[in-house]
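Coordinate inspection notes
Given next are the chains, with one letter for each unit.
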Amino acid sequence: MTDEFFILLTTTVSLALLHTLTGPDHYIPFVVIAKARNWNVKKTILFTALCGIGHVGSSVLLGLIGIAFGIAVGKLEFLEGLRGNIISWLFTSFGLLYMVWGIRKAYKNKSHKHLHYHIDEGFHEHDHKHHEEHVHIHEGKEKVNLTPWILFTIFIFGPCEPLIPIVMYPASKHNYSEMIILTIIFSVITIATMIVLVTAASYGFKYLPIKKFERYSHVLAGATIFVCGIGMLFLGL
């Protein structure tokens, strides 16, 4: 291993960790959506990994296109920055719309009372929630839940800016073996860090006293994603 490659390797590991840890959009949305939709940990991890692969893979593809057509690093970074701005607005809009939908769902699921009369027991009343206590079985096509897939689409088009120079530098020296190794290391560390953070936060959620707020779980999920989007737009997170 040459000194130059060791420096590149250290830089790649550091950038992958910092890029993921300092970007709350890489883990918080998965935690809150999984909680709102009652996913188990396995499903949460699989979806996080899928989004991570799409997130890193799109930037790898852009880098390979740059190498194939001889596009300069500066131009690719400009494109990644432009993608970042667009995705930040989409991410924020998604959080806002999801929050509004959650408010509507929570209102429709508001508890109300029913009064009943029985000859042997007289009058009595009980609380009732339509969307929790009515179960309907419909034959035919299963209803598709679009919310996670919207997030997945946003992640695919979301930029992974630190990866571009990592791909382009060894490629500029025609050292494609180093380029492949560094790309794989960056991708694995990024996705693994996402999974570790999401898993730890998901387990931590179990110990929080939030049972009484479950009716507003989608509202809280949307609000959290919206705040992450605001951070991306105005704080550069």
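With 79% of its residues at a pLDDT of 70 or more, the protein has an overall mean of 79. Predicted confidence for residues 130–142 stays below pLDDT 50, and this span has nine contacts to residues more than four positions away or in other chains.

The next thing to look at is a nonpolar patch on the surface. A cluster of nonpolar side chains, Phe 78, Leu 79, Leu 82, Ile 86 and Leu 90, forms an exposed patch at the surface whose accessible area comes to about 470 Å². Positionally, Ile 86 belongs in helix H4 (residues 73–108). Under the relative-accessibility criterion, Ile 86 is labelled partly exposed at 49%.

The next subject is the packing of aromatic side chains. Under the defined criterion, the tally for this structure stands at seven aromatic pairs. Note on Trp 39 and Phe 47: the rings are 5.4 Å apart at their centroids and 70° apart in plane angle, and the pair reads as edge-to-face. The residues Trp 39 and Phe 47 share a single accessibility class, namely buried. For the ring pair Phe 47 and Trp 149, a centre distance of 6.0 Å and an interplane angle of 85° mean the geometry is edge-to-face.

What follows deals with the nonpolar core. Phe 30, Ile 33, Phe 47, Phe 91, Leu 151, Phe 155 and Ile 225 are the most contacted members of the largest nonpolar core, which has 24 residues in total. Per-element tally for this core: the top contributor is helix H2 (residues 28–36), with six residues. Excluding its chain neighbours within four sequence positions, the residues that come into contact with Leu 151 are Pro 29, Phe 30, Ile 33, Phe 47, Phe 91 and Phe 94. The next biggest cluster of nonpolar side chains, apart from the first, holds 15 residues, and it includes Leu 163, Val 167, Ala 171 and Met 179.

If you trace the backbone, His 26 turns up in the loop between helix H1 (3–21) and H2. At a separation of 3.2 Å, a polar atom in the side chain of His 26 contacts the side chain of His 55. Those residues within four positions of His 26 in sequence are excluded, and the remaining contacts are His 19, Thr 20, His 55, Phe 155 and Met 194.

Summed over all chains, the structure comprises one salt bridge. Here Glu 4 ties to Lys 173 by a salt bridge, and the two come within 2.8 Å at their closest N and O atoms. Within this pair, whereas Glu 4 is found in helix H1, its partner Lys 173 is found in the loop between helix H7 (163–172) and helix H8 (176–205), the two being separated by 169 residues in sequence.

Let us look at the environment of Phe 186. Tracing the backbone shows Phe 186 in helix H8. Along the sequence, Phe 186 and Ala 16 sit 170 residues apart, while their C-alpha atoms lie 5.5 Å from each other.

Turning our eyes to something else, we now look at the packing of H1 against H8. Viewed as axis vectors pointing N to C, H1 and H8 meet at an angle of 30°, and their least axial separation amounts to 9 Å. With respect to H8, the axis of H1 lies roughly parallel. You can see that H1 and H8 cross each other, and the crossing is right-handed. Packed against H1, whose contacting residues are Phe 5, Leu 8, Leu 9, Thr 12, Val 13, Leu 15, Ala 16, Leu 17, His 19, Thr 20 and Leu 21, the element H8 presents Glu 178, Ile 181, Leu 182, Ile 185, Phe 186, Ile 189, Thr 190, Thr 193, Met 194 and Leu 197 at the interface.

Of all nine residues making up H2, seven are buried, and the element is well covered by its neighbours. Restricting attention to buried positions, one finds in H2 the residues Pro 29, Phe 30, Val 31, Val 32, Ile 33, Ala 34 and Ala 36. Just downstream of H2, Asn 38 is the residue with a positive phi angle, here 55°.

About the cut-offs
- Residues numbered from 1 in each chain as written.
- Predicted model: local features only at pLDDT ≥ 70, side-chain atom pairs only at ≥ 80, totals over all residues.
- Heavy atoms only, no water.
- pLDDT = per-residue confidence, 0-100.
- Contact = heavy atoms within 4.5 Å.
- Patch = residues over 30% accessible without salt bridge, like charges linked within 9 Å, V, L, I, M, F, W, Y side chains within 5 Å.
- Areas by Shrake-Rupley, 256 points an atom, 1.4 Å probe, with all protein chains shown as cover.
- Salt bridge = Lys/Arg side-chain N within 4 Å of Asp/Glu carboxyl O.
- Helix = DSSP H or I, 4+ residues; strand = E, 2+ residues; numbered from the N terminus.
- Buried < 20%, exposed > 50% of the residue type's maximum accessible area, 1.4 Å probe, protein only.
- Phe/Tyr/Trp six-rings, centres within 6.5 Å; stacked < 30°, edge-to-face > 60°.
- Core = buried A, V, L, I, M, F, W, Y, C linked by side-chain atoms within 4.5 Å.
- Polar contact = N/O pair within 3.5 Å; in protein donor to acceptor, adjacent residues only side chain to side chain.
- Axes fitted to C-alpha atoms, helices over the stretch in contact; angles between N-to-C directions.
- Parallel < 35°, antiparallel > 145°, perpendicular 65-115°, else oblique.
- Left-handed = near helix turned anticlockwise from the far one by under 90°.

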